[in-house]
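Read off the chains here:
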Amino acid sequence: MKKLLYFSAVISLAALPFASMAAQEMSDANLGQLRPVGTVTAKASNLDDLQAKLAEKAKEQGATGYVINSAGGDNHLYGTATIYK
């Protein structure tokens, strides 16, 4: 059950565009020449806020893009993302 929750959370996060952010959420297919340079983590109370916080942290690190690796939790969500330059 928890795996289904994690999977649905990641899919939900991947489906939400944030075009106004400098760091764009990427998929494995469109990474191109970008190289991973680190990871960011965040905590939030809902999926929208979690994705926004991960995007903001990626932007602060100077990332061109990011890929959300995990999202989960019960009352408080947490997530990680790999950042790319």
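Residues numbered from 1 in each chain as written. Predicted model: local features only at pLDDT ≥ 70, side-chain atom pairs only at ≥ 80, totals over all residues. Heavy atoms only, no water.

## Observations regarding the nonpolar core
In a soluble, globular protein the nonpolar side chains are often hidden away together inside.
Then, number 1: Formed by 15 residues in total, the largest nonpolar core has its most connected members in Leu50, Leu54, Ala58, Tyr66, Ala81 and Ile83.
Then, number 2: Where this core is concerned, the elements lending two or more residues are β2 (36-44), α2 (47-60), β3 (65-73) and β4 (77-84).
Then, number 3: With 4 residues, α2 is the single largest residue contributor to this core.
Then, number 4: If near-sequence neighbours (up to four positions away) are discounted, tyrosine 66 is found in contact with Ala23, Gln24, Glu25, Met26, Gln51, Ala55, Ala58, Ala81, Thr82, Ile83 and Tyr84.
Then, number 5: Among the nonpolar cores identified, the runner-up in size contains 5 residues, and Leu31, Leu34, Val67 and Tyr84 belong to it. (Core = buried A, V, L, I, M, F, W, Y, C linked by side-chain atoms within 4.5 Å. Buried < 20%, exposed > 50% of the residue type's maximum accessible area, 1.4 Å probe, protein only. Helix = DSSP H or I, 4+ residues; strand = E, 2+ residues; numbered from the N terminus. Contact = heavy atoms within 4.5 Å.)

## Let's talk about the pairing of β4
Then, number 1: Where burial is concerned, most of β4 is hidden: 6 out of the 8 residues are buried.
Then, number 2: Inspection of the sheet shows β2 paired to β4 by 8 bridges, in the antiparallel sense. Paired with alanine 44 across the bridge in β4 is leucine 77.
Then, number 3: Bridging between β3 and β4 involves 8 bridges; their strand directions are antiparallel. Note on β4: the bridge partner recorded for isoleucine 68 is alanine 81.
Then, number 4: Linkage of β3 to β4, two consecutive antiparallel strands, is achieved through a turn of 3 residues. (Pairing = 2+ DSSP bridges.)

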